[in-house]
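Okay, here's what each chain looks like letter by letter:
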Amino acid sequence: MKTLLLVISLFFAITAKAETNPLDLYVRTIYPAESKTVLDAARYLIEHTGYRIEVGSNAPSDARSIALAPIPPVADLRRTMSVKDALLVLIGTENYLVIDKKHKLISFTGNKS
């Protein structure tokens, strides 16, 4: 019985210490009616993750133009997927996410590098 309790205790201790990446959590891709741009929808998607969208002077030079584009019709999937996947669909296949885990910032770019 003591061995079983020890195993259960270790399991819960290890499980409690495992960190979950908030961008791997699932969201529904049904955007509020007031969301008109990629930036609006992206802010909605990351609302509870602790991350912020950066499109200002510290972001890639093309981040602002990607963010201010209208939400593409392909992003209207109305399904459940990870935050990261939803952001990737939102910005389009020709663009990339820039994720700064240390500062919890997200930006966009069209450059691979």
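The shown structure was predicted, so the numbers you read here are calculated from the model rather than taken from an experiment.

Here the focus is the overall build of the protein chain. The helix and strand inventory of the protein chain stands at four helices and five strands. From first element to last, N terminus to C terminus, the protein chain shows the α and β order α-β-α-β-α-β-α-β-β. Residue burial in the protein chain is summarised as follows: out of 113 residues, 35% are buried. For the protein chain, the proportion of contacts with a sequence separation of at least 24, taken over those separated by at least 6, is 67%. When the accessible area of the protein chain is evaluated, it comes to approximately 7,800 Å², of which 58% is carbon and sulfur surface.

With mixed pairing, three strands are arranged side by side in an open sheet as 2-5-4. Because the sheet does not close on itself, it has two edges, and the strands there are strand 2 (52-53) and strand 4 (96-100). Of the pairings in the sheet, the one linking strand 4 to strand 5 (residues 105-109) comprises five bridges and is antiparallel in character. Bridging across to strand 5, valine 98 finds its partner in serine 107. Sitting on the sheet, helix 4 (residues 83-91) is in contact with strand 4 and strand 5, with an inclination near 140 degrees to strand 4.

This next bit is on the pattern of salt bridges. If you walk through the whole model with that rule in mind, you get one salt bridge. Measuring nitrogen to oxygen at the nearest pair gives 3.3 Å for the salt bridge that ties arginine 78 to aspartate 76.

If you look at soluble globular proteins, the nonpolar side chains tend to sit buried side by side. Leu45, Ile46, Ile53, Leu87, Leu90, Ile106 and Phe108 are the most contacted members of the largest nonpolar core, which totals 26 residues. Taken together, the elements giving at least two residues each to this core come down to helix 2 (38-46), helix 3 (63-67), helix 4 and strand 5. The element best represented in this core is helix 2, accounting for six residues. Ignoring any residue separated from it by four or fewer positions in sequence, one finds isoleucine 53 in contact with Leu39, Ala42, Arg43, Ile46, Ile106 and Phe108.

Once that is clear, we can look at the side chain of threonine 29. Summarising the element assignment, threonine 29 is placed in the loop between strand 1 (26-28) and helix 2. When sequence neighbours within four positions are dropped, the list of residues in contact with threonine 29 reads Ala75, Leu77, Arg78, Arg79, Met81 and Ala86.

Within the secondary structure, serine 107 sits in strand 5. What makes serine 107 buried here is its relative accessible area of 5%. Put simply, serine 107 and isoleucine 66 are 41 residues apart on the chain and 9.4 Å apart in space, counted from C-alpha to C-alpha. Excluding its chain neighbours within four sequence positions, the residues that come into contact with serine 107 are Glu54, Ala59, Pro60, Ala63, Tyr96, Leu97 and Val98. A polar atom in the side chain of serine 107 sits 2.6 Å from the backbone oxygen of glutamate 54.

Mapping leucine 25 onto the fold places it in the loop between helix 1 (2-17) and strand 1. Residue classification places leucine 25 among the partly exposed positions, given a relative accessible area of 42%.

Quick notes on the rules
- Residues numbered from 1 in each chain as written.
- Predicted model: local features only at pLDDT ≥ 70, side-chain atom pairs only at ≥ 80, totals over all residues.
- Heavy atoms only, no water.
- Helix = DSSP H or I, 4+ residues; strand = E, 2+ residues; numbered from the N terminus.
- Buried < 20%, exposed > 50% of the residue type's maximum accessible area, 1.4 Å probe, protein only.
- Contact = heavy atoms within 4.5 Å.
- Areas by Shrake-Rupley, 256 points an atom, 1.4 Å probe, with all protein chains shown as cover.
- Pairing = 2+ DSSP bridges.
- Axes fitted to C-alpha atoms, helices over the stretch in contact; angles between N-to-C directions.
- Salt bridge = Lys/Arg side-chain N within 4 Å of Asp/Glu carboxyl O.
- Core = buried A, V, L, I, M, F, W, Y, C linked by side-chain atoms within 4.5 Å.
- Polar contact = N/O pair within 3.5 Å; in protein donor to acceptor, adjacent residues only side chain to side chain.

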